[in-house]
Amino acid sequence: VVVLPFESTDADSANERFSDGFSDQLTGALGKVEGLRIAARTSTAALRRRGLDGRTIAETLGVATIVEGTAGRTDDRLKVSARLVNARDARVIWSATYDRKMRDVFAVQEEIARAIVDAMRLRLPARNAARLVGRGTDDVEAYELYLRGRHSWKLRTPEGFREAPKYYEAAVERDPSFAMAWAGMAEAYVNLSNFGYRDVREALALAERAADRALELDPALAEAHAAKGFVLASRLDFQASERAFVQAIALNPNYTWGHHYYTLLLLMLGRTREALDENREALRTDPLSRPANATRGIIFCQDGDYAAADRELRRALSLAPEFPLSLYYLGVVRVAEQSTDEALSLLERAAQQAPGFTGVPGALAYLYR
């Protein structure tokens, strides 16, 4: 299944964030269903921005069915239409329209997800019998702040990463029991740490605090387990980290970041073959993921296959020419091949894109030596 970005019923930026967030959370809910492969939101949105229609997107991502619709809000009212369509012949399998109070947004997402599961004649595993959509909030303003955080986080820019936690903090100030906002905050601080956009130890401590609070409120949030796993790996508690990643993937088999962070842990442990398998899972759910495509190259490098590493990293750079992780990894490959001039150019470009990224100074020091 691919969940296309829901169209906003209004050109207002708040409505656009709302419709975007609605389809985002629906994607996450369906990702928890075993036996259902969900195309990740980042790949879907990227293809949509290229102007491709639903059928072409479905063909590109190799999926059989499309979820599409519209979503909007007016004052305290929520209006959503959704339908499930056969990608091959455009036959409508299921459709529904909802006109509810805004505080019912999570209930509507749950109803749509379950209706799709029923229409596809799938059976929910026991752990999802109670709920597919994470614990939400009745505070409409807290939800709007959460959507602002998600929007900033998905920009994948230094500014966006720094802005996201501020919105999540404001959301949980209004509703301290908003588990999904705590989980989003944990993800944001992990990214700030990973790319060196904030002091690493400080960012990891804040990520762990947010992940623990999210898990206390809702133990079924895959995002919180994955963020906690990243913190534990950074502290070299490898066994606990692996348990957290395995749990995140069990809760949401289609969660790309869970597969990606687990790949990094397996690389740290020298389990290269397993890392390649896990990376393949990340790319299965999100074929245009910049981090997962870059990491595929460094896996081959660690395995000593520099030709394959070069091929994969050049492909990753064709997707995002100045993505710091791809530049850094290709620079490492060039260091290994003793192509020092090109290595220096690549590593310096990576440093320009992410000045605090911790891997780059070490690689440069090794190169200079």
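The following paragraphs examine the structure supplied in this document. For clarity, every value in this text was computed on a predicted model and none was experimentally measured.

### Describing the overall build of the protein chain
Part 1 of the reasoning: Looking only at helices and strands, one finds 17 helices and five strands in the protein chain.
Part 2 of the reasoning: Compactness check: the protein chain gives a C-alpha radius of gyration of 21 Å against a globular reference of 21 Å for 369 residues, within 12% of the reference.
Part 3 of the reasoning: Across its three principal directions, the C-alpha atoms of the protein chain cover 65 × 45 × 40 Å.
Part 4 of the reasoning: Counting all 369 residues of the protein chain, 56% fall into the buried class.
Part 5 of the reasoning: Counting contacts in the protein chain only where the partners sit at least 6 residues apart, residues at least 24 apart contribute 59% of the total.
Part 6 of the reasoning: For the protein chain, the accessible area works out to roughly 15,900 Å², and carbon and sulfur atoms hold 49% of it.

### Quick look at helix 6 (residues 158-174)
Part 1 of the reasoning: Along its 17 residues, helix 6 runs 26 Å from first to last C-alpha, staying within 8% of the 24 Å computed at 1.5 Å per residue.
Part 2 of the reasoning: All of the buried residues in helix 6 are G160, F161, A164, P165, Y168, A171 and V172. Around the axis of helix 6, the buried residues are gathered within 135° of arc, so they sit on the same side. Along helix 6, exposed side chains directed more than 90 degrees from the buried face belong to E159, K166 and E173.
Part 3 of the reasoning: Those residues of helix 6 hidden inside the fold are in contact with helix 5 (140-154) and helix 7 (179-194).

### Topic: the packing of helix 7 against helix 9 (residues 222-234)
Part 1 of the reasoning: Here helix 7 crosses helix 9 at 30°, and the two axes come no closer than 8 Å. When the interaxial angle is binned, helix 7 and helix 9 end up roughly parallel. Handedness of the helix 7/helix 9 crossing: left-handed. Contacts between helix 7 and helix 9 involve A183, A186, E187, V190, S193 and N194 from the first element and E223, A224, A227 and F230 from the second.
Part 2 of the reasoning: Split by residue class, the contact of helix 7 with helix 9 holds six nonpolar, two polar and two charged.

### What to know about the environment of L155
Part 1 of the reasoning: If you trace the backbone, L155 turns up in the loop between helix 5 and helix 6.
Part 2 of the reasoning: As for L155 and A351, which are separated by 196 residues in sequence, their C-alpha atoms are 20 Å apart.

### Quick look at the packing of aromatic side chains
Part 1 of the reasoning: Counted by the stated rule, this structure contains 19 aromatic pairs.
Part 2 of the reasoning: The interplanar angle of 85° and the centroid separation of 6.4 Å between the aromatic rings of F18 and Y143 together place this pair among those described as edge-to-face. One end of the pair, F18, is in helix 1 (residues 13-31); the other, Y143, is in helix 5, and 125 residues separate them in sequence. The pair F18 / Y143 is uniform in exposure class, with both members buried.

### Considerations on the pattern of salt bridges
Part 1 of the reasoning: For the structure shown, the criterion picks out 36 salt bridges.
Part 2 of the reasoning: One salt-bridge network, held together by shared partners, links D20, D24, R150, K154 and E187.

### Here we look at the pairing of strand 3 (residues 65-74)
Part 1 of the reasoning: Relative to strand 3, strand 1 (residues 2-3) runs parallel, the two being bridged by two bridges. Looking at strand 3, one finds that V2 is bridged to I66.
Part 2 of the reasoning: Inspection of the sheet shows strand 2 (residues 7-8) paired to strand 3 by two bridges, in the parallel sense. Bridging across to strand 3, E7 finds its partner in T70.
Part 3 of the reasoning: Here strand 3 folds back onto strand 4 (residues 77-86), and the loop between the two strands holds two residues, one of which, D75, carries a positive phi near 55°.

### Structural notes on the pairing of strand 5 (residues 92-101)
Part 1 of the reasoning: As defined by bridge partners, strand 4 adjoins strand 5 across nine bridges and the pair is classed as antiparallel. In the strand pairing of strand 5, L78 is matched with R100.
Part 2 of the reasoning: The hairpin formed by strand 4 and strand 5 contains five residues between the paired strands, and A90 there has a positive phi angle of roughly 65°.

About the thresholds
Residues numbered from 1 in each chain as written. Predicted model: local features only at pLDDT ≥ 70, side-chain atom pairs only at ≥ 80, totals over all residues. Heavy atoms only, no water. Helix = DSSP H or I, 4+ residues; strand = E, 2+ residues; numbered from the N terminus. Rg over C-alpha atoms; globule rule 2.2 N^0.38 Å. Buried < 20%, exposed > 50% of the residue type's maximum accessible area, 1.4 Å probe, protein only. Contact = heavy atoms within 4.5 Å. Areas by Shrake-Rupley, 256 points an atom, 1.4 Å probe, with all protein chains shown as cover. Expected span 1.5 Å × (residues − 1). Arc of directions from axis to C-beta. Axes fitted to C-alpha atoms, helices over the stretch in contact; angles between N-to-C directions. Parallel < 35°, antiparallel > 145°, perpendicular 65-115°, else oblique. Left-handed = near helix turned anticlockwise from the far one by under 90°. Nonpolar A, V, L, I, M, F, W, Y, C, P; charged D, E, K, R; others polar. Phe/Tyr/Trp six-rings, centres within 6.5 Å; stacked < 30°, edge-to-face > 60°. Salt bridge = Lys/Arg side-chain N within 4 Å of Asp/Glu carboxyl O. Pairing = 2+ DSSP bridges.

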